[in-house]
Amino acid sequence: MMGSQLDKVKELTGGDGEKKEGGGADDEEDPEVAEARREADEKRTAKYAKMERQREEVRQGIREKYNIKKKEEAAPPIPLPCEGRLTQDKKGPIPLPDDDDSFDPIKMATDALNTITEKLPFKLPWK
């Protein structure tokens, strides 16, 4: 039942959407339409060019008011020759000093604990 109704609708609308092979007149555009389209394109291009000129005038006024120099489009920077890695070298752990007398972690921790306990308003039970 639904199939027959669908077929009727397809007949009324022109089939399954298949293009008819016949007159190629639909493919060619009317010369008047082509001319109108070209004129509209020219008008649109002129309109946007005018808008951009107006924007540039406003930008220039702002540059003059605030003494801003216009950025010049420079050539892209010349890349340095790379020899191996494309990125920076990875940072490793902080090297410890070679002098054993200058770095004593136990002494540092003890000094820090003593400094803190001196500033406390009470005595610690193990001291």
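Everything that follows concerns the structure shown earlier in this document.
Everything in this summary refers to the structure shown in the same document. (Residues numbered from 1 in each chain as written. Predicted model: local features only at pLDDT ≥ 70, side-chain atom pairs only at ≥ 80, totals over all residues. Heavy atoms only, no water.)

**Comments concerning the side chain of Arg63**
Link 1 in the chain: You can see Arg63 is positioned in helix H2 (residues 31–66).
Link 2 in the chain: You can call Arg63 buried: its relative accessible area is 14%.
Link 3 in the chain: Among the polar contacts made by the side chain of Arg63, one reaches the side chain of Glu56 at a distance of 3.1 Å.
Link 4 in the chain: At 2.8 Å, the side chain of Arg63 forms a polar contact with the side chain of Gln60.
Link 5 in the chain: Among all residues touching Arg63, those that are not within four sequence positions of it are Glu56, Ile68, Lys69 and Lys70. (Helix = DSSP H or I, 4+ residues; strand = E, 2+ residues; numbered from the N terminus. Buried < 20%, exposed > 50% of the residue type's maximum accessible area, 1.4 Å probe, protein only. Polar contact = N/O pair within 3.5 Å; in protein donor to acceptor, adjacent residues only side chain to side chain. Contact = heavy atoms within 4.5 Å.)

**Structural notes on the packing of aromatic side chains**
Link 1 in the chain: For the structure on display, the rule yields zero aromatic pairs.
Link 2 in the chain: One residue, Lys47, lies across the ring of Tyr48, its end atom 5.6 Å from the ring centre. (Phe/Tyr/Trp six-rings, centres within 6.5 Å; stacked < 30°, edge-to-face > 60°. Lys NZ or Arg CZ within 6 Å of the ring centre and 35° of its normal.)

**Some details on H2**
Link 1 in the chain: Look at H2: 53 Å from first C-alpha to last across 36 residues, which is about the 52 Å you get at 1.5 Å a residue.
Link 2 in the chain: Immediately downstream of H2, the backbone of Asn67 shows phi near 55°, a positive value. (Expected span 1.5 Å × (residues − 1).)

**Focus: the pattern of salt bridges**
Link 1 in the chain: Counting across every chain of the model gives ten salt bridges.
Link 2 in the chain: In this structure, the salt-bridge partner of Glu35 is Arg38, at a minimum N-O distance of 2.3 Å. Separated by three residues within a single helix, Glu35 and Arg38 lie in helix H2, roughly one turn from each other.
Link 3 in the chain: Looking at Glu35, the relative accessible area reads 33%, which means it is partly exposed.
Link 4 in the chain: Notably, a salt bridge pairs Glu52 with Arg55, separated by 3.5 Å at the nearest N-O pair. On the criterion of helical spacing, the pair formed by Glu52 and Arg55 is a turn pair, its members being three residues apart in helix H2.
Link 5 in the chain: The partly exposed category is assigned to Glu52, whose relative accessible area is 37%.
Link 6 in the chain: The class for Arg55 is partly exposed, based on a relative accessible area of 40%.
Link 7 in the chain: Because the salt bridges share partners, they merge into one network encompassing Glu52, Arg55, Glu56, Arg59, Arg63 and Lys70. (Salt bridge = Lys/Arg side-chain N within 4 Å of Asp/Glu carboxyl O.)

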